[in-house]
Amino acid sequence: MSKYPDLIPRFFSAIIGGMIIILSLLWSEWGFFAVFLSISCLTIWEFYRLMRLQSYLPIRFLGVTIGALLFTITFFIESDFLSNQHYVMLFPLASFVFLIKLYKKSDVHPFINIALFYLGIMYVAVPFALTNLLVFHSGEYSYEIILGLLFLTWANDVGAYFTGILFGRTKLFERISPKKSWEGSIGGAATAVLVAIVIGFYFTGLNEIEWISVAIIVVIAGTYGDLVESHFKRSIQIKDSGTIIPGHGGFLDRFDSLLIAVPFVVVFLKLF
């Protein structure tokens, strides 16, 4: 156990965080709204904080505000309280970043910071906003798809983690993430597919083949999401994106797989 000192805090953090998310989803659409909006805002803020550690100056408050509004507007559109036309409110608001930087004399890299501002929205805010399309996929609120997606993501992570510890030999992408192995990835994939089969018996929002397809998407996109975030951290020479979640790091560390997987799952469910 001393070989893996973060295992116990990692376990308890996962249990507590997982229970908060699960109970919020089971409670109602308002539980989903409150928890996922909070996670979205905190993750965007964390992304901008990391950029500021590198002496970049993306406008955090405006970025978080736009991310929160994007999530909120999408929620009310998908729940039939608003029409799609309300998205246009975001465009002039997002353009304010140019005006702010125009008057920011101390900013020596204004367009790099503008690019990072929009990157935070695209990388973090958009995927979280898209989770609304999953919970209202059937036309009314249902926790099945988003909860199933989380179960598959967690199954992939847990399966990969322990299989990698026990059998990991062949490096998956050593330049970016030296600890990841092909054996771990295969173990994570097998665990996710098994969980997808079980989910198919209880969650009827999708059939069994669709759940297995979602599991495959989660494994591939989620693995790349983890690698993307590892590449990001390596580029700014940090180990974790934060310290708020014991054993896991920050919100980007915890939800990196979801950020890449959600858009692909949404496309699969909408088009296929």
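These numbers were taken from a predicted model, which means no experiment stands behind them.

Q: Mind showing me how you'd approach the overall build of the chain here?
A: Assigned secondary structure in the chain consists of nine helices and two strands. Compactness check: the chain gives a C-alpha radius of gyration of 19 Å against a globular reference of 19 Å for 272 residues, within 12% of the reference. Along the three orthogonal principal directions, the C-alpha set of the chain runs to about 55 × 45 × 30 Å. For the chain, the proportion of its 272 residues judged to be buried stands at 46%. When contacts within the chain are restricted to residue pairs at least 6 apart in sequence, those whose partners lie at least 24 apart make up 69%. On the chain, roughly 14,300 Å² of surface is accessible, and the fraction owed to carbon and sulfur atoms is 70%. Counting 18 positive and 18 negative side-chain charges, the chain places the averaged centre of each group 14 Å from the other.

Q: Would you mind showing me how to read the side chain of Thr 74 here?
A: By the element assignment, Thr 74 lies in helix H3 (residues 60-78). Not counting residues within four places of it along the chain, the set of residues in contact with Thr 74 comprises Tyr 87, Ala 129, Asn 132 and Leu 133.

Q: What's the story with the confidence of the model for the chain in this structure? I'm lost.
A: Note that predicted coordinates carrying low pLDDT should not be read in detail. Taken residue by residue, the chain gives an average pLDDT of 89. The fraction at 70 or more is 94%. Mean pLDDT values for the elements of the chain range from 81 in strand E2 (residues 177-181) up to 96 in H3.

Q: Mind showing me how you'd approach unusual backbone geometry here?
A: The phi dihedral of Ser 55 is positive, around 70 degrees, even though this residue is not glycine. Along the chain, Ser 55 turns up in the loop between helix H2 (29-53) and H3. When its relative accessible area of 61% is taken as the criterion, Ser 55 is described as exposed. The phi dihedral of Asp 80 is positive, around 70 degrees, even though this residue is not glycine. Structurally, Asp 80 is set in the loop between H3 and helix H4 (90-102).

Q: How should I be thinking about the environment of Val 219 in this particular structure?
A: In this fold, Val 219 is placed in helix H8 (residues 208-235). Looking at Val 219, the relative accessible area reads 13%, which means it is buried. With 66 residues separating them in the primary sequence, Val 219 and Thr 153 have C-alpha atoms 7.5 Å apart. When sequence neighbours within four positions are dropped, the list of residues in contact with Val 219 reads Asn 156, Gly 188, Ala 189 and Ala 192.

Q: When you look at the packing of H3 against helix H5 (residues 110-135) in this model, what are you seeing that I'm missing?
A: Axis angle and axis distance: for two packed helices, these are the angle between their axes and the distance between the axes, and together they describe the pair. As a packed pair, H3 and H5 sit with axes 9 Å apart at the nearest point and diverge in direction by 20 degrees. On the basis of the axis angle, H3 is roughly parallel to H5. Relative to H5, H3 is oriented so that their crossing is right-handed. Mapping the contact onto sequence places Leu 62, Gly 63, Ile 66, Gly 67, Leu 70, Phe 71, Thr 74, Phe 75 and Glu 78 in H3 and Phe 117, Ile 121, Ala 125, Val 126, Phe 128, Ala 129, Thr 131, Asn 132 and Leu 133 in H5. Split into classes, the residues belonging to the contact of H3 with H5 amount to twelve nonpolar, five polar and one charged.

Quick notes on the rules
- Residues numbered from 1 in each chain as written.
- Predicted model: local features only at pLDDT ≥ 70, side-chain atom pairs only at ≥ 80, totals over all residues.
- Heavy atoms only, no water.
- Helix = DSSP H or I, 4+ residues; strand = E, 2+ residues; numbered from the N terminus.
- Rg over C-alpha atoms; globule rule 2.2 N^0.38 Å.
- Buried < 20%, exposed > 50% of the residue type's maximum accessible area, 1.4 Å probe, protein only.
- Contact = heavy atoms within 4.5 Å.
- Areas by Shrake-Rupley, 256 points an atom, 1.4 Å probe, with all protein chains shown as cover.
- Lys, Arg positive; Asp, Glu negative; His and termini not counted.
- Charge placed at Lys NZ, Arg CZ, Asp CG, Glu CD.
- pLDDT = per-residue confidence, 0-100.
- Axes fitted to C-alpha atoms, helices over the stretch in contact; angles between N-to-C directions.
- Parallel < 35°, antiparallel > 145°, perpendicular 65-115°, else oblique.
- Left-handed = near helix turned anticlockwise from the far one by under 90°.
- Nonpolar A, V, L, I, M, F, W, Y, C, P; charged D, E, K, R; others polar.

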